[in-house]
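# Examining the three-dimensional arrangement
In case you want the letters, here they are:
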Amino acid sequence: MDTEDRESPFDVSDSCELLGVHLSTDEDSEEDDPCQETVKDEKPAFPPDLEWLEELEDEGDSDGDGNLAVAADIGKRRSYAETARMFKLRRNLDQLDCFHRQKENDVLKAREELQLCRHNIDSFLEQRDDLEEEIEQQKAADNSAAVFRLRAQHKLLCQKLQSEEELEGHMHTELKQQELELSEVEVELGRFSSLRQEVQEEEWVFQVLKAQKAATRLQRERKTSQNLQFKMQRLRDKQAAMLKKEETECQKKIEEGQASHKIAAKYLKETIKRMRQREAEKEQQNRELLEKRIQAVKSLKSNIAAAQESIRVQQSKAKANAQKKEQQQRQLRKSLQAQGINSIKHMYQQKQLEEIKRKQEEFKEKQKSKRVEIVAKILQEEQLVKSRKRHQTLLPKPSNTDKFPSLGRAREKLLHYLDPSPPPEREERATTLREFSDSSSSSVSSDVEDLEETMHQDVDHQSLADSLAEPEFSGLWDQDYKKLQKEKTTLVLTEVKQEEPAMASGKLDLPAKKVHGKEFKGRPFISKPDVILFKDFEVGKMYKKKIVLTNISYITNHCKLLGVSAHLKDFISVKFEPPGSLSTGMSCDMQAVFQPMINEDLEGEVQFTSAVAPFSVPVRCTIKKCDLEVDSQFIDCGSHVVGQTISRTVTLTNKGALATLFSLDTATCLSPETSHVQMPSRISANTCQETSSQNTASDNQISSASMSTRGLQPKQESQELSEALQQEQPVSEASAAGPEAVPEACVSTNVDAQMDQINSDSGDISLGNIKEGEIGPFESIKLEVVFTPTIPGEAKLDFHIKFSDLNSQPIPIQVRGVTVSVPVWVVQPSIDLKICMFDRLYQDTLMIQSRASTALKLTFEMCPEMRKHMEILPKTGFIQAQSSFNAQVKFLPRCSLSKDAKKFFDRDTGVLEVPMTVQVAGQVKPLHFTVQAVVTSSDLQFDQTEVDFGCCSIYQSVKSSVRLTNRSLLPQDFGFLGIPEFIEVQPNDGFGTLLPQETLEIDLIFSANKAKEYTFQLNCKSGINRDFHLSCRAVGVRPPLELSHSLVQFGATAVGDHSTAILYLINHQTSQNQSKQPITQVVKDSMAPVAPRLFSFTLPKDSDISISPSSGNLLPGERCLVQVTFRPRLSDREIKDEALRLLHRAKLLREKELESNRHAERETKKEVPVESSKGKKASVIPKNSRVSESPKTEQLTESPSPADIQPGSEQYEEARASLLYSFSQRYSEYTVPCFVSDGDPPDAGRQTQPAWSPSNTLYLKLQCPAVQPPLVVISNNGNSIIDFHQVAVGDKVIKRFTVQNISKETLDLRSSVLDIHGPFSLLNALRSIRPGGKHTLVLAFSPSLERKYCEPLEVCSQKMTLEMTLCGEGVVPAVTSSHPGGLLDFGFVLEKESTSQVLKLQNSSVVAVDFRAQLASLSPSRPQGGADRVDLLLGRYTDPQVQPAVGTQNYSGLSVFSVVPIEGAIAPGQSQDITVTFQPDHPSVNYSDRLTVELMNKSKVSVMDLKGAASTHNMYLYGGDPLKVPIESLLPPLITSQPPLTESEVMEKPTIPVLVTLRASYSAGAVTPAVRELQVGCIRSTQLSKKSGEFHWDNVASLQQQGFSVEPSKGSVEVGHKRTITVTWTPHSGYKPYEVVQTCVPLTLKGDETNVYRVTLMALVSTSAD
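Position numbers for residues start from 1 in each chain and track the written sequence from start to end. Only residues with pLDDT of at least 70 are given local features in this predicted model, and only at 80 or more are side-chain atom pairs given and counted; all residues enter the totals for whole chains, interfaces and linings. Side-chain metrics rest on all non-hydrogen atoms present in the structure, leaving aside hydrogens and water.

Before going further, it helps to spend a moment on the overall build of the protein. Going along the chain from the N terminus, every DSSP run of H or I of four or more residues is numbered as a helix, and every run of E of two or more is numbered as a strand. Summing up its helical and strand segments, the protein has 26 helices and 76 strands in all. Across the 1666 residues in the protein, those meeting the buried criterion constitute 38%. Put simply, 73% of the contacts in the protein that link residues at least 6 apart link residues at least 24 apart. Computed with the Shrake-Rupley method and a 1.4 Å probe, the accessible areas treat only the protein chains shown as cover for residues. Carbon and sulfur atoms make up 51% of the accessible area of the protein, which amounts to about 97200 Å² in all. We call a residue buried when its accessible area falls under 20% of the maximum for its residue type, exposed when it is over 50%, and partly exposed in between, using a 1.4 Å probe and counting protein chains only. For this analysis, residues touch if any pair of their heavy atoms sits within 4.5 Å.

Given below as structure tokens:
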């Protein structure tokens, strides 16, 4: 049976395939049996829709006890295969049923189409018969035209009929086929009826099993929850105990804190008292200082006036001297004319001779000064080389192949031909320089020092720019200048000056360690900077410095801070977080904080340990000192002919931060007392310098003197200034005495004695005008030395520069000059070819001068070593008498120069010195001159020989940097030529100039255009046509995804607006595209399989960019639209900073206003006359005003912090508006990476992250310019969100929204269209706004449903779109009435009296609700007629949906019912009472009306039908059948003519008829008595006495005889109450069916009056249901 059942569903699928239907199964029919065998052996994997089966089976396996009961009920346990087979059978049977239904539908459809076709055929046959009849008629009428027309129609109709008949046959055949297929399917259904039953049984069994397992699982979960509750209870108990313990400890801490607080409060009071005393003392000192400054300013004004007067005197004397000189010239002309000489020609010749002589002297002086400048520059370069050596102490030594290890070795050779002084003197000078570098001095006050530092930096930059205008050695000099600039910049930024330390003493002897066969020596970490230097510090300030430690060992290393030196622990603290293991080349940061307490130098180290060896970083802290040095201590004036004049300058530089006075002393021996300069008056020194500068002819002297004067002016303190001005006054008087007397007044007696000694010793060498003065910190002063040879021989001058600083030693200066008088000499004994390159030709001119009276022969001799490299043309020549001879020197250095001329050429430094000799005929001593040059190479070197770009995407570019170094000492031009199209070289497209020893970083940008391997070579050509090659390789890959645009340039977007760009992310990767990838192994590794790709855009933090979608999945061949939005906005930090700035400005304005008010009050006090009685009262007023102003000033000093300014506050919005009004423009660029997954993405159920490949990453560059918005919101605190909050459904709320045009153009406004069916609406039209104009938008919100609404509104102009968000919430008002609605009966009331009832309306909603109460009688649209109110008046009001009309009204025209209040509003959570009053004016029982309480949204709260009756007496009877029409006229009853009444009729009151009908029911042989009720009541009235009424029936016995009974027959009714009278009729035994029993009985009511009612009782028996 199992086999048949297993095969049967697949047989069904086979049979269905014959019918054109395929029943889907998990396996094919042919593979059914093998699959079933596999199922028996192993558990098959369930499909996704049956995974819950596996969970259910697992639960069954885990719970064996629960399965025992199930197994006992079912018999045996179901297997996986049986369960899967059951679901497969059910699916196949469902498919077969669906197929059967489809076939039935097809048969029905075919039958309908066949029936329609047959109907069409019948209609066509009828039309054909009609046409044939009409044709016969037209033939009979002989109408040929109509006949032909009808025949054409007949033919067309026959064709249609034929096609329909063919269609009928085809459809009939198709119907038969469909019926056949349907029958076959039905047969198949019959075959599987038994199988269907079996499947149903199995499903029932499965459901039972599932329910049993669910119950077991529920029981297990309950046990687990109970255990969990027990655990939680234990945890709570434990936590409670811990809390109790913590409370106890906390209480102890609080008590201890209170005790310590009391102690601290005591000491705090004492501290505050001392602080106030100090503040009072400080304020007193400030007042005294202010008075001193005022006195100093007054004395300065008087001195300025005296100085101006002296200047006027000098100018008048200068005019007198000029007039005197002109008079002398006139006398000279007259004397020359008297002697017969042409005076004009003579004077012109004299001027020409003086001009020629002056030019010759200037030319010679210029040539000689260059030699001195070369020496100074070489010495400065020597200092640079020394500093570089100190930097390189920890670095590995350079290889032997390096052609330029150092320029320091050429020192002796370069000075050999420029400086004739012996080496011992140079060593002595170097020793003196080292002594100066170690000297120090006391620091000055901080305020003066800051001003000095600023002034000296400006002067230092200016002097550097002047001295570096035309450098001799451009390369080295430029490097030194850049280094100096960098040091100055670092000084300004960090306020700590850097100094290169001497690392020789700080070296660590570290053991060598071998790693990978390499031996590592030295420190494992290097620090940047090498020495932690705190230079020129001040006590009390704090200095911070950041140090970077870099691992230079060959292994992964770590470092640990051990501490600082013991004597530095009180001053230096180190903030260092251990970074863990660092690879080679990686670095970490630390921070050193120095807070000096003493004013002295400190040295120590910060100690670390590492895996390789311990190391340390030196620490040096230096105070402010004087660091004085000169550019040269030996001045060689050279050989000069008698009569010439040459000047040399010595630059005195103070590299320290302390100013000092200096003076020049020519004494040969200095005693300790005279080794330092005394401290003269500063103003007098300045005056001397200014006076001497007026008498000098050199511009450099004028600039240096003025520079020193400017540097001294800001250094004066107020007290020193007043004293100096007092000393200046006699100087100004002396200067006013005459121009010649000013220098004499400036020079002291010691200086005069020194000048006399200089004249006696030196003879031809003298000092310049500047002999003393002051040099500030970081300042340079040029001192002039003049050499005027008079006697052939050697001239000497030794002098010292003394300083007022006690720690600065005097600097000795030696000046030498030689005077020669040979007949033939070399004008330029040293020919400097400067820097030359190998294999390049250089030329210069050699000039020889002769003063001999005859021609002489010259022979030029060349040493044999230099014949291949140098040549002089001509080799022999004749120099004429009293003339000059020029020879050409040609220099072409070869690469073999180092081998050929080892004697003259230094290979390490490249310095070449070649001595030359010129033989002069007849002269014993030959002429010697020297050719000098520095020979360098022209090599350009790359830092790497090959560049590997790696894997590069064809959609992106990859940048790699190489360093190109110029090994030459000359600048070289370079350019990359023949660059492939896929490579780009930057900067400047691969062209540029390299300075000497400069290294330039060059960016190589590779853009692959195909997916392949690239191997190419770049050619760099230098300016002298040399080629240098660089090999490159890369691999181009194709990422699986592609961006349609990699660069997005947004337009200028206003702040508050947005710009959107749309691009596409495309997955081009398919199997065909994948096959086009290259076959190389490297590219194969970079290729990814064809699969769906995950992508993710990573946006920068705090950017104005949003991307949607930011991540997703992209299938092969698909593309995804990506929307990039740029929304410029103002950051919260900018707004808060602007708010603080505005508050600070407002605070300053208020302070100025208060100060002006105080000043005005003081002025008014001075003007008021002082009187005895009034003065006392006036003195009280300012005291009170001061007291009132003190809290204001204290409030002004308090400034809020940025955290106190919250968004939405007034300050916040003002700052935001200020930024918008002042916003100009902002440009920002973002590079957004798009990460693409590598390979198949993980399954949805797994938590693993997908793999991302760097080669697949895409980059999107965004250029975002932001501009000022032309349109801003000035209402609603600048917020663009308009919130209507909660509004009742049906109500309308209006809000206004104002915008302003802050641009300079007129804006035309337009808005977006709001939803016409929505709750929001724009009530006014938009118009154009002029610059600065405003416009208000009126918006309304009227919700129709109870929900939240949000809709955007865009206000557009030409330049921006202002987005506003309209939001609100519709709330259905929840108002309830105390009366549920329906009938509201007021009962009986005496006429012209009233009664009231109160209704309460409760508002339980969150909004205020307006209501309105309407009466139907007052409604203008009430219905006419009274037929619809009959049921109401008859008391049969059962259907509340019936809308009864208005009943009887008052005769007066007033409404019988009134409501107070008619309308109003109910606050949220409040209630409102409504009073309804019934006041009739005539008796009637038909008073009625309808009261409707509705809200403003037309929703009804309650609908009540009001009913009432009025009577003229206090007793009334109500009930019975109506005897009158309930509709009454509003007019009172008319008085008609009636017959006269008799006396008996007048005496008897008329009775009131009442009809009561009783119907007894008869059923099943039994009669049910009939029962009716009547109401007797007594009306409560204020006019009548509170007396009860009575009633009684007459002839009650006669009623009982006919079967009627009345209960009660008599009684009394209390006021305001009513009683019910029950009338019962029971038919007698002899009663005939359908016989009416009638009787009449009177009922008397006694109240204020007696009324008799004639009650007619009618009774009958009815067999109907009614």
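Mapped onto the fold, Glu373 is located in helix H8 (residues 343-391). In the structure, Glu373 is positioned 276 residues away from Thr649 in sequence and 8.9 Å away in space, judged by C-alpha atoms.

Note that soluble globular proteins tend to have their nonpolar side chains buried in a common cluster. Nonpolar cores were defined as sets of buried Ala, Val, Leu, Ile, Met, Phe, Trp, Tyr and Cys residues, with membership established by side-chain atoms within 4.5 Å. By size, the foremost hydrophobic cluster in this structure holds 38 residues, and its most contacted members are Phe1050, Leu1065, Phe1097, Ile1105, Val1124 and Leu1262. Looking at this core, the element that brings in the most residues is strand S47 (residues 1258-1267), giving five residues. Those residues in contact with Ile1105 that sit more than four places away from it in its chain are Phe1050, Leu1099, Val1124, Thr1125, Phe1126, Tyr1230, Leu1262 and Cys1264. Membership of the second largest hydrophobic core comes to 35 residues, among which are Phe860, Met862, Ile879 and Val931.

Each pair of strands is called paired provided DSSP finds at least two bridges between the two strands. Here strand S60 (residues 1395-1403) pairs with strand S64 (residues 1471-1478) via eight bridges, running antiparallel. Looking at S64, one finds that Leu1401 is bridged to Gln1472. Note: strand S62 (residues 1457-1460) against S64, four bridges, orientation antiparallel. Counterpart to Val1459 in the pairing with S64 is Val1476.

Running from N to C, helix H5 (residues 80-141) and helix H7 (residues 193-339) point in directions that differ by 130 degrees, and their axes come no closer than 10 Å. In this view, H5 runs oblique relative to H7, as classed from their interaxial angle. As H5 runs across H7, the sense of the crossing is left-handed. In this structure, H5 contributes Thr83, Arg85, Met86, Phe87, Leu89, Arg90, Leu93 and Asp97 to the contact, and H7 contributes Leu195, Arg196, Glu198, Val199, Gln200, Glu202, Glu203 and Phe206. The residue makeup of the contact of H5 with H7, split by class, is seven nonpolar, two polar and seven charged. Axis definition: a line fitted to C-alpha atoms, over the contacting stretch in the case of helices. Angles run 0 to 180 degrees between N-to-C directions. When an angle is under 35 degrees it counts as roughly parallel; over 145 it counts as roughly antiparallel; between 65 and 115 it counts as roughly perpendicular; any other value is oblique. Each crossing gets its handedness from the near helix: less than a right angle anticlockwise from the far helix is left-handed, clockwise is right-handed. Under the convention adopted here, Pro, Cys and the residues Ala, Val, Leu, Ile, Met, Phe, Trp and Tyr are nonpolar, Asp, Glu, Lys and Arg are charged, and Gly plus all remaining residues are polar.

Next up on the list: the sheet that holds strand S59 (residues 1382-1390). Reading across the sheet, the five strands line up as S59-S66-S65-S61-S63 and stay open at both edges, with mixed pairing between neighbours. Two strands bound the open sheet, and with one partner strand each, they are S59 and strand S63 (1463-1466). Across the sheet, the mean angle separating the axes of adjacent strands is 25 degrees when strand polarity is ignored.

Next up on the list: the environment of Ile1579. Looking at the secondary structure, you find Ile1579 in the loop between strand S70 (1570-1578) and strand S71 (1589-1593). Using a relative accessible area of 7% as the deciding quantity, one classes Ile1579 as buried. Each residue touching Ile1579, except ones within four places of it in the same chain, is listed here: Phe1388, Val1389, Leu1390, Ser1511, His1513, Asn1514, Tyr1516, Val1615 and Gly1616.

Below, the discussion takes up the sheet that holds strand S8 (residues 587-594). Pairing in this open sheet of four strands is antiparallel, and the strands run S3-S5-S8-S7 from one edge to the other. Looking at the sheet topology across the chains shown, the edges are occupied by strand S3 (525-528) and strand S7 (572-576). Across the sheet, the mean angle from the axis of one strand to that of its neighbour is 30 degrees, orientation sign disregarded. With eight bridges joining them, strand S5 (residues 543-551) and S8 adopt antiparallel strand pairing. Bridge pairing in S8 links Lys545 to Ala592.

This brings us to the pattern of salt bridges. Any Lys or Arg side-chain nitrogen located within 4 Å of an Asp or Glu carboxyl oxygen qualifies as a salt bridge. For the structure on display, the rule yields 37 salt bridges. Close ionic contact of Arg330 with Glu326 constitutes a salt bridge, the shortest N to O distance being 3.7 Å. With a gap of four residues between them, Arg330 and Glu326 both fall in helix H7, about one helical turn apart.

Before going further, it helps to examine the packing of helix H6 (residues 144-191) against H7. It is the contact of H6 with H7, at a shortest axis distance of 4 Å, that shows an interaxial angle of 50 degrees. Comparing their axes, H7 and H6 come out oblique. Contacts between H6 and H7 involve Leu189, Gly190 and Arg191 from the first element and Ser193, Ser194 and Arg196 from the second. Its residues assigned to classes, the contact of H6 with H7 comprises one nonpolar, three polar and two charged.

Once that is clear, we can look at the packing of aromatic side chains. Each pair of aromatic rings taken from Phe, Tyr and Trp, with Trp reduced to its six-membered ring, is defined by centres within 6.5 Å and is described as stacked if the planes are under 30 degrees apart, edge-to-face if over 60, and tilted in the remaining cases. Inspection of every chain in the model, using the stated rule, returns 29 aromatic pairs. With a centroid separation of 5.1 Å and 75 degrees between ring planes, the pair formed by Phe1006 and Tyr1014 is classed as edge-to-face. For the pair Phe1006 and Tyr1014, one class covers both residues: buried. Between Phe1457 and Phe1478 the ring centres are 5.0 Å apart and the planes differ by 25 degrees, which places this aromatic pair in the stacked class. Of this pair, Phe1457 sits in strand S62 while Phe1478 sits in strand S64, and the two are 21 residues apart along the sequence. Owing to a relative accessible area of 0%, Phe1478 belongs among the buried residues under this scheme. Counting every residue linked through ring pairs, the aromatic cluster contains Phe949, Phe982, Phe1006, Tyr1014 and Phe1016.

Patch members must show over 30% relative accessible area and no salt bridge, and they are joined within 9 Å when carrying like charges or within 5 Å when they are nonpolar side chains of Val, Leu, Ile, Met, Phe, Trp or Tyr. A surface patch of nonpolar side chains, amounting to about 260 Å² of accessible area, comprises Leu228, Met232 and Leu235. By the element assignment, Met232 lies in helix H7.

This next bit is on a negative patch on the surface. A surface patch of negative charge is lined by Asp122, Glu126, Asp129, Asp130, Glu132, Glu133, Glu134 and Glu136. Its location among the elements puts Asp130 in helix H5. Counting rule for charge: Lys and Arg are taken as positive, Asp and Glu as negative, and neither His nor the chain ends is counted. Lysine's charge is taken at NZ, arginine's at CZ, aspartate's at CG and glutamate's at CD.

Right, let's get into the confidence of the model for the protein. Low pLDDT marks stretches whose predicted atomic positions should not be read closely. Summary statistics for the protein give a mean pLDDT of 76 and a share of 74% for residues scoring 70 or more. pLDDT measures the predictor's confidence residue by residue and takes values from 0 up to 100. Counting contacts from residues 679-761, a segment whose pLDDT is below 50, to residues more than four positions away or on other chains yields 98 contacts. Confidence over residues 1169-1197 falls short of pLDDT 50; this stretch has ten contacts with residues more than four positions distant or in other chains.

Backbone geometry follows two general trends: most residues other than glycine have a negative phi, and most peptide bonds adopt the trans configuration. Here the bond from Leu873 into Pro874 is cis, since omega is -10 degrees, no more than 30 degrees from zero. A positive phi angle, close to 55 degrees, is found at Gln882, a residue other than glycine. Tracing the backbone shows Gln882 in the loop between strand S25 (876-879) and strand S26 (884-891). With relative accessibility at 55%, the residue Gln882 sits in the exposed group.

Attention shifts here to the side chain of Lys103. Among the secondary structure elements, Lys103 is positioned in helix H5. Since its relative accessible area comes to 7%, Lys103 is described here as buried.

Turning next to helix H23 (residues 1210-1222). With 13 residues, H23 ought to run about 18 Å at 1.5 Å a step, and its terminal C-alpha atoms sit 18 Å apart, in line with that. Within the span of H23, buried status applies to Tyr1212, Glu1213, Ala1215, Leu1219 and Leu1220. The buried residues of H23 occupy one face: seen down the axis, they fall within an arc of 160 degrees. The exposed residues of H23 that point more than 90 degrees off its buried face are Glu1210 and Ser1222. One less than the residue count of a helix, multiplied by 1.5 Å, gives the span that helix is expected to have. Working definition: the arc comes from the directions between the helix axis and the C-beta atoms, pointing outward to the latter.

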